Amino acid sequence: MSERVERSLAWMLPSIGAALFFALWLDYRDFWLDDSFITFRYARNWVDGLGPSFNPGEAVEGYTTFSWLVLLATAFRLLPAASVLPFVKLCGLGLGLWVLWRSYTFPGPGGEPRRRFWILLLAANPVFVANCGDGMETPLFMLLLLECAWASLAPPSARGGAWVGVLAAACIWTRPEALPLLGGLPLVVLGFHGRAALPWLRGFALASLPLVVGHFAWRLGYYGAVLPNTFYAK
């Protein structure tokens, strides 16, 4: 492939992908997944001074995404009530576009970006498009995982490990099933870099553990359980 064609594709493919994604996303502008309103109610009650609860006076953790709850509560605090739902929709759209771009430019084995036609398949994937328009935390989780993977590719350093630790904690705050990242990421980095990864490991632990353990401690103190109620119910 000539250099000229490569340069043309470098901007044409993400532009076409973004346009395709946006056109399909418009079909979901009035669609909401019913589960999303559980977190909306927790966020609204929190802002109204009733605590992060579904029913005032009942400390039951019925949501599973603390970071999305915090974002929603911030929106309810700062925006007019009528603007919160449109804001959530725009968040899904923006996060989806960001996921597309980061996926498109993610480095391949040789370090070069994987700029190929498969980005159009992701942009047209109905599940991906729906996830970015249903009001749930899914696009935020996808983006955080991508950023976590991207940051893990950098040469190991204490600062780099701390940044990956923050991103890993954010993933866990967004979905509890990301908890294995606390062990999996250090093992991968250690396997690739050996003793050179030790500063990275220290930075990772110092950044991630206080955020994760602190959240678990708060959850245990406020709700009386270390995992959301949905885990025990299921």
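Below is a short write-up of the structure. Here the structure is a predicted model, which is why all the values come from computation and not from measurement. (Residues numbered from 1 in each chain as written. Predicted model: local features only at pLDDT ≥ 70, side-chain atom pairs only at ≥ 80, totals over all residues. Heavy atoms only, no water.)

Moving on to the overall build of the protein. The number of helices and strands found in the protein is eleven helices and zero strands. Secondary structure elements of the protein occur, N-terminal to C-terminal, as α-α-α-α-α-α-α-α-α-α-α. Expressed as lengths along the three principal axes of its C-alpha atoms, the size of the protein is roughly 65 × 50 × 35 Å. Within the protein, the proportion of its 234 residues that are buried is 40%. Look at the contacts in the protein between residues 6 or more apart in sequence, and 68% of them connect residues 24 or more apart. For the protein, the computed accessible surface area is about 12,400 Å², with 68% contributed by carbon and sulfur atoms. (Helix = DSSP H or I, 4+ residues; strand = E, 2+ residues; numbered from the N terminus. Buried < 20%, exposed > 50% of the residue type's maximum accessible area, 1.4 Å probe, protein only. Contact = heavy atoms within 4.5 Å. Areas by Shrake-Rupley, 256 points an atom, 1.4 Å probe, with all protein chains shown as cover.)

Among the nonpolar cores identified, the biggest contains 52 residues, and Phe-21, Trp-68, Val-164, Leu-185 and Trp-200 are the most heavily contacted of them. A per-element tally of this core places helix H4 (residues 81–104) first, with eight residues. (Core = buried A, V, L, I, M, F, W, Y, C linked by side-chain atoms within 4.5 Å.)

Right, let's get into the side chain of Ser-208. With respect to the helices, strands and loops of the structure, Ser-208 is situated in helix H10 (residues 198–223). Take Ser-208: its relative accessible area is 0%, and that puts it in the buried class. A distance of 2.7 Å separates a polar side-chain atom of Ser-208 from the backbone oxygen of Phe-204. (Polar contact = N/O pair within 3.5 Å; in protein donor to acceptor, adjacent residues only side chain to side chain.)

Further remarks concern the packing of aromatic side chains. With the rule as written, the count across this model stands at 18 aromatic pairs. When the centroid spacing of 6.0 Å and the interplanar angle of 50 degrees are considered together, the rings of Tyr-42 and Phe-54 count as tilted. Taken as a pair, Tyr-42 in helix H2 (residues 36–47) and Phe-54 in the loop between H2 and helix H3 (66–78) lie far apart in primary sequence, twelve residues in all. A relative accessible area of 31% means that Phe-54 is categorised as partly exposed. Their ring planes at 70 degrees and their centres at 4.9 Å tell us that Tyr-42 and Tyr-63 sit as a pair that is edge-to-face. With Tyr-42 in helix H2 and Tyr-63 in the loop between H2 and H3, this residue pair connects regions lying 21 residues apart in the sequence. Note on Tyr-42: relative accessible area 3%, which makes it buried. A network of ring pairs unites the aromatic residues Tyr-42, Trp-46, Phe-54, Tyr-63, Phe-66, Trp-173, Trp-218, Tyr-222 and Tyr-223 as a single cluster. Sitting over the face of the ring of Trp-32, Lys-89 holds its NZ or CZ atom 4.4 Å from the ring centroid. Over the ring of Trp-150 we find Arg-102, and its NZ or CZ is 4.0 Å from the ring centre. (Phe/Tyr/Trp six-rings, centres within 6.5 Å; stacked < 30°, edge-to-face > 60°. Lys NZ or Arg CZ within 6 Å of the ring centre and 35° of its normal.)

Relative to each other, helix H9 (residues 181–193) and H10 sit at 175 degrees, their axes nearing to 11 Å. On the basis of their axis angle, the class for H9 and H10 is roughly antiparallel. The segment H9 lies against H10, with Leu-181, Leu-182, Leu-185, Pro-186, Val-189 and Leu-190 engaging Trp-200, Leu-201, Phe-204, Ser-208, Leu-209 and Val-212. Split into classes, the residues belonging to the contact of H9 with H10 amount to eleven nonpolar, one polar and no charged. (Axes fitted to C-alpha atoms, helices over the stretch in contact; angles between N-to-C directions. Parallel < 35°, antiparallel > 145°, perpendicular 65-115°, else oblique. Nonpolar A, V, L, I, M, F, W, Y, C, P; charged D, E, K, R; others polar.)

Taken together, the side chains of Leu-220, Val-226, Phe-231 and Tyr-232 make up a nonpolar region of the molecular surface, amounting to roughly 390 Å² of accessible area. Relative to the helices and strands, Phe-231 resides in helix H11 (residues 229–233). (Patch = residues over 30% accessible without salt bridge, like charges linked within 9 Å, V, L, I, M, F, W, Y side chains within 5 Å. Salt bridge = Lys/Arg side-chain N within 4 Å of Asp/Glu carboxyl O.)

What follows concerns the pattern of salt bridges. Counting across every chain of the model gives five salt bridges. A salt bridge links Arg-219 to Glu-61, with the nearest nitrogen and oxygen atoms 2.9 Å apart. Of this pair, Arg-219 sits in helix H10 while Glu-61 sits in the loop between H2 and H3; the two residues are 158 residues apart in sequence, bridging distant segments of the chain. We classify Glu-61 as buried; its relative accessible area is 3%. The residue Arg-102 makes a salt bridge to Glu-147 at a minimum N-O spacing of 2.8 Å. Note that Arg-102 is positioned in helix H4 and Glu-147 in helix H7 (residues 138–152), a separation of 45 residues in sequence. Under the relative-accessibility criterion, Arg-102 is labelled buried at 18%.

None of the figures reported here should be taken as evidence of function without further support.
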